[in-house]
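Chain residues, written in single-letter form:
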Amino acid sequence: MLSPNAVVLRDGERRTIPADQLVPGDLVKLKSGDKVPADLRLLQATNLQVQEAMLTGESVPVSKHLHAAPPAASLGDRRCMCYSATAVVSGQAQGVVVATGDSAEIGQINKMVNTVENIKNNLIHQLEILGRWLAVLVAVIAVIAFLLAMLYVGLNFQGAFESAVSIAGEGTPLV
């Protein structure tokens, strides 16, 4: 999902480095087909369009420009930014890294998703109760089968146990 490499300008020369080695302040070059390796503030952009569907839900690529967005602008309205894990559809750009890893927008979303607690709705609760009742019913039938096999049919302990286990195994639903 994230870009494995990034083209950066360090010490005045162009280098390709692993994206996980990017730090805020690095200058990153983007071109068509690249995945954005970190959150970037655009410094130069030529016909830049970025697919941001995974962040904003927009189904069409977004045209980017250099005009600063208001501080309270929503994620989709920040046209002067490129975000980690989005894809460059067309154009070229250069930007400065402003956030990486968990500090990036995709990292913030990841943290929010990981903090969501699992809740049990009424259906799940009722199915758990039904499952417990079925398990008790199967156990009761197995005990009755064991006692009948031992006392009525006259099987030894091993034969009665095998009969009860086979009945319980057939009666237990696989979930």
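It should be noted that the structure appears before, not after, this text.
Each value, and the rule that gives it
- Residues numbered from 1 in each chain as written.
- Predicted model: local features only at pLDDT ≥ 70, side-chain atom pairs only at ≥ 80, totals over all residues.
- Heavy atoms only, no water.
- Helix = DSSP H or I, 4+ residues; strand = E, 2+ residues; numbered from the N terminus.
- Rg over C-alpha atoms; globule rule 2.2 N^0.38 Å.
- Contact = heavy atoms within 4.5 Å.
- Areas by Shrake-Rupley, 256 points an atom, 1.4 Å probe, with all protein chains shown as cover.
- Lys, Arg positive; Asp, Glu negative; His and termini not counted.
- Charge placed at Lys NZ, Arg CZ, Asp CG, Glu CD.
- Expected span 1.5 Å × (residues − 1).
- Buried < 20%, exposed > 50% of the residue type's maximum accessible area, 1.4 Å probe, protein only.
- Core = buried A, V, L, I, M, F, W, Y, C linked by side-chain atoms within 4.5 Å.

What follows concerns the overall build of the chain. Looking only at helices and strands, one finds 4 helices and 7 strands in the chain. Of the regular secondary structure in the chain, the N- to C-terminal order runs β-β-β-β-α-β-β-β-α-α-α. Taking 2.2 N^0.38 as the reference for a compact globule, 175 residues should give roughly 16 Å; the C-alpha atoms of the chain span a radius of gyration of 30 Å, well beyond that estimate. Projected onto the principal axes, the alpha-carbon positions of the chain cover approximately 90 × 35 × 25 Å. Excluding contacts between residues fewer than 6 apart, the proportion of contacts in the chain whose partners are at least 24 apart in sequence is 58%. By element, 60% of the accessible surface of the chain is carried by carbon and sulfur atoms, the whole surface being about 11400 Å². Of the side chains in the chain, 13 bear a positive and 15 a negative charge, and the two mean positions are spaced by 9 Å.

For helix H3 (residues 122-153), built from 32 residues, the straight-helix expectation of 46 Å at 1.5 Å per residue is met to within 8% by its first-to-last C-alpha distance of 45 Å. Looking only at H3, the buried set comprises Val138, Ala142, Ala145, Phe146 and Ala149. Positive backbone phi, approximately 90 degrees, marks glycine 154, located one or two places after H3.

Turning to the nonpolar core, a few remarks are in order. Leu22, Val28, Leu30, Leu40, Leu48 and Cys82 are the most contacted members of the largest nonpolar core, which totals 16 residues. The set of elements that each furnish at least two residues to this core consists of strand E1 (5-10), strand E3 (27-31), strand E4 (39-51) and strand E7 (87-99). With 4 residues, E4 is the largest single contributor of residues to this core. In this structure, cysteine 82 is in contact with Leu30, Val36, Ala38, Asp39, Leu40, Leu42, Leu48, Val50 and Lys64, ignoring residues within four places of it in sequence.

Bear in mind that shape data such as this cannot, by itself, settle questions of function.
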